[in-house]
Amino acid sequence: LGSLDIVMAVLAISAGLFGICRIDNLNSINITERRRELATLKVLGFYDNEVSAYVYRENMILTVIGGVAGIILGSILHRFVIVTVEVDSAMFGRSIEMSSLWIQFSDYTCIFLYFVNLVIIFKLKKIDMVESFKECRINSEISQYGHKSLNDEAKEWLLFTVTKSGKMRSEE
């Protein structure tokens, strides 16, 4: 491999790893923020596969929307960069075949998404329905009494009182 080939390989591998990390991070945030909703689905009797399919469909839709927007904006950015860096002594090709962009999107992005979705199965199975609802009750207790800046010790005490008595102070 020539030195330019090595640089291109390093950039391609780095971009792929960045894509995997980005998709995984977005999915982790999505699951963390919607833990209560996903726990509710499990309580209602949805199987793990059905909850996973629900998250997968959403991921695929968002990936397709992001891919289409990325191809359109990437084409515009490519044209701008090529026109900007051209000098009289060096001319670059100004056109990109749309088929090559779609092939890149369908190959790499969808493979990365499939890989990340396989990893998400384990995160979705770890959602504990009881803990999700306890956390919700604690947050409602905190917001009811206006103590939004409780420290960790106070939250642990509140969690202990909820789990010990099974009731909130407002229910007594």
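Below, the structure is looked at part by part.

What counts, and at which threshold
- Residues numbered from 1 in each chain as written.
- Predicted model: local features only at pLDDT ≥ 70, side-chain atom pairs only at ≥ 80, totals over all residues.
- Heavy atoms only, no water.
- Helix = DSSP H or I, 4+ residues; strand = E, 2+ residues; numbered from the N terminus.
- Buried < 20%, exposed > 50% of the residue type's maximum accessible area, 1.4 Å probe, protein only.
- Contact = heavy atoms within 4.5 Å.
- Areas by Shrake-Rupley, 256 points an atom, 1.4 Å probe, with all protein chains shown as cover.
- 1 Å grid on protein atoms, 1.4 Å probe; cavity = no way out; pocket = protein on both sides within 12 Å on 5 of 7 lines; lining within 4 Å.
- Points joined across faces, edges and corners; volume = space filled by probe spheres on them.
- Nonpolar A, V, L, I, M, F, W, Y, C, P; charged D, E, K, R; others polar.

**Digging into the overall build of the protein**
Helix and strand counts for the protein come out as 6 helices and 0 strands. Secondary structure elements in the protein, listed N-terminal to C-terminal, are α-α-α-α-α-α. Within the span of the protein, comprising 172 residues, buried residues form 20% of the whole. Long-range pairs, those at least 24 residues apart, make up 70% of the contacts in the protein with a sequence separation of at least 6. With the model as given, the accessible surface of the protein reaches about 12500 Å², and the carbon-plus-sulfur share is 65%.

**Things to note about the layout of surface pockets**
Estimates place the volume of the largest pocket at around 1100 Å³. Arg22, Gln104, Phe105, Tyr108 and Thr109 are the residues nearest the centre of the largest pocket, which is lined by 28 residues in total. Going through the elements one at a time, α1 (3-33), α3 (48-85) and α4 (98-125) are the ones with two or more residues in the lining of the largest pocket. Considering only residue class, the lining of the largest pocket consists of 13 nonpolar, 14 polar and 1 charged.

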